[in-house]
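Remarks on the overall topology
What follows is each chain in one-letter form.
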Amino acid sequence: MRASALSISPLSVAAHLTAIALSSVILISVLDLWNADLRIPLSYGGDSLLCGSLIKGIIDNGWYLHNVYVGAPDGQYLYDYPVNANLDIIIMKIISVFCANYAITMNIYFLLTFILTTITTMFVLRHFKTSYPLSILGSLLFSFVPYHFLRGEPHLTLAAYYMIPPIIMVIHWVFISTSFLLISSENKISGLRRLSQKSIMCIVICVLISSTFIYYPFFSCFFLLIAGISGYISQRSKYPPLNSIILILIIIIGVLTNASPSLIYQYENGKNPEVAIRGPAESEIYGLKIVQLLMPIGGHRTQLFSRLAGYYSGTAPLINENAVVSLGVLGSLGFLLLIGWA
């Protein structure tokens, strides 16, 4: 990594603080937080009830897997329903130490996901030498996409996508790598190889992404594999695929470690065939369509865009929660530009 990528200067600190401040102001304005009572969940229905119950279980029982206050006679066991988002749960656990109210904990964590996304996006954009003004703008645009609000507290661990920018940075490193990412050059004094700063960052980011909701580590592995193959084709170098395999293994080990309580429980007690049964057809029903990324959001404030979204929703089959994934105008233009570039 270039040394400047991790350097801390007054200008860098000021830019990050500016991005955080702007993110906070936008958040307060959009959600009208001045008039909100954070003791009441921002969302109270659907899967937000499940999230609330998990957080309440963490507060009352220490962790979410066994809740002695729900499910007679022996409490509720969730080993057959693993969340695999221990990073999110640990942060919420820390928040609950200072405020043992499940609604406040859930609300604060949801609001914190915007700030964390702004910070990580800003860091990655600056690593890629994006100017300070554009880095601030880009971090805010990525933090406040419609997806973030519309997933919201019902899909709290999906709304927590702040680890996506760092893993994209790692994927880029894999693509351009001309040596082992996880081993630095040989030390001239000791003659030993050691982990470089970039190596440590790769490991930390992969461990953290493995502790988020399973979609994110799964697609991280997919794109790491693509980066490794593409790097080999473009550079005729063995290092991109080797690096991608190593990092994928780190993520897989992380996912298995996160899921280990459930895996051990199922090994000892057998699997529950009635939990979260998914059929092959659901991959088509719930699968993301590229056109959904480019379509305007439903109820868009511009009448033309609103009619276009309504027409698509009224004629296309299987419209579901993926109607909230619109990239917006700038995101769509960027996506099309990258496709054209490729």
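Up top you'll find the structure we're talking about.
Quick look at the structure, then.

Quick notes on the rules
As a convention, each chain's residues are numbered from 1 in the sequence order in which they are written. For this predicted model, a pLDDT threshold of at least 70 governs which residues receive local features, and a threshold of 80 or more governs which side-chain atom pairs are given and counted, while totals over whole chains, interfaces and linings are taken from all residues. To get the side-chain values, all heavy atoms of the structure are used, and hydrogens and water are removed first. The way it works is that DSSP assigns letters per residue, a run of H or I at least four long becomes a helix, a run of E at least two long becomes a strand, and they are numbered from the N terminus. This radius of gyration counts C-alpha atoms alone. The globule rule is 2.2 Å times how many residues there are, raised to the power 0.38. Each residue's exposure class comes from its accessible area (1.4 Å probe, protein chains only) as a fraction of the maximum for that residue type: buried when under 20%, exposed when over 50%, partly exposed otherwise. Contacts are residue-level and defined by heavy atoms, with any inter-residue pair within 4.5 Å sufficient. Between Lys or Arg on one side and Asp or Glu on the other, a salt bridge is scored when a side-chain nitrogen of the former is within 4 Å of a carboxyl oxygen of the latter. Helix axes are fitted only over the stretch in contact, all axes being lines through C-alpha atoms; the angle between N-to-C directions runs from 0 to 180 degrees. Any angle between 65 and 115 degrees counts as roughly perpendicular, while under 35 counts as roughly parallel, over 145 as roughly antiparallel, and the rest as oblique. Under the scheme applied, nonpolar residues are Ala, Val, Leu, Ile, Met, Phe, Trp, Tyr, Cys and Pro; charged residues are Asp, Glu, Lys and Arg; polar residues are all the others, including Gly. Each patch groups residues whose relative accessible area exceeds 30% and which form no salt bridge, using 9 Å between like charges and 5 Å between nonpolar side chains of Val, Leu, Ile, Met, Phe, Trp and Tyr. All accessible-area figures derive from a Shrake-Rupley calculation using a 1.4 Å probe, and residue coverage is judged against the displayed protein chains alone.

**Focus: the overall build of the protein**
Of the regular secondary structure elements, the protein holds 15 helices and two strands. Here the C-alpha atoms of the protein give a radius of gyration of 22 Å, agreeing with the 20 Å that 2.2 N^0.38 yields for 342 residues. On the principal axes, the C-alpha backbone points of the protein span a range of 65 × 60 × 45 Å. Scored against the burial criterion, the 342 residues of the protein give a buried share of 39%. For the protein, long-range pairs separated by at least 24 residues make up 71% of all intrachain contacts whose partners lie at least 6 apart in sequence.

**Side note on the pattern of salt bridges**
On inspection of all chains with the given rule, the structure shows two salt bridges. Arg39 is the salt-bridge partner of Asp37, the closest N and O atoms lying 3.0 Å from each other. A relative accessible area of 58% places Arg39 in the exposed class. Of the charged contacts in the structure, one is a salt bridge between Lys56 and Asp60, with a shortest N-O distance of 3.5 Å. Note that Lys56 and Asp60 are positioned in helix α2 (residues 47-61) at a spacing of four residues, about one turn of the helix. The class of Lys56 is partly exposed, set by a relative accessible area of 38%. Judged by its relative accessible area of 34%, Asp60 is partly exposed.

**Let's talk about unusual backbone geometry**
Geometrically, the link from Ala72 to Pro73 is a cis peptide bond, its omega value of 0 degrees lying close to zero. Along the polypeptide, Pro73 turns up in the loop between β1 (66-67) and β2 (76-77). One non-glycine residue with positive phi stands out, namely Lys129, at about 65 degrees. With respect to the helices, strands and loops of the structure, Lys129 is situated in the loop between α4 (102-127) and α5 (132-143). Overall, Lys129 belongs to the partly exposed group, its relative accessible area being 47%.

**Quick notes on the packing of helix α10 (residues 215-235) against helix α11 (residues 239-269)**
Their axes nearest at 8 Å, the elements α10 and α11 cross at an angle of 170 degrees. Here α11 runs roughly antiparallel to α10, going by the angle between their axes. Along the contact surface, α10 presents Pro217, Ser220, Cys221, Leu224, Leu225, Ala227, Gly228, Gly231, Tyr232 and Gln235, while α11 presents Pro240, Pro241, Ser244, Leu247, Ile248, Ile251 and Val255. Residue classes in the contact of α10 with α11 are distributed as 12 nonpolar, five polar and no charged.

**Notes on a nonpolar patch on the surface**
Residues Leu134, Leu137, Leu141, Leu304, Phe305, Val329, Leu330 and Leu333 make up a contiguous nonpolar surface patch of roughly 750 Å² in combined accessible area. Taken together, the elements giving at least two residues each to the nonpolar patch come down to α5, α14 (303-315) and α15 (328-341). Mapped onto the elements, Leu333 comes out in helix α15.

**Digging into the environment of Ser23**
Examined against the element boundaries, Ser23 turns out to sit in helix α1 (residues 10-30). Along the backbone, Ser23 and Ile119 are 96 residues apart, and their C-alpha atoms lie at a distance of 9.6 Å. When near neighbours in sequence (up to four residues on either side) are disregarded, Ser23 contacts Phe114, Ile115, Thr118, Leu140 and Phe144.

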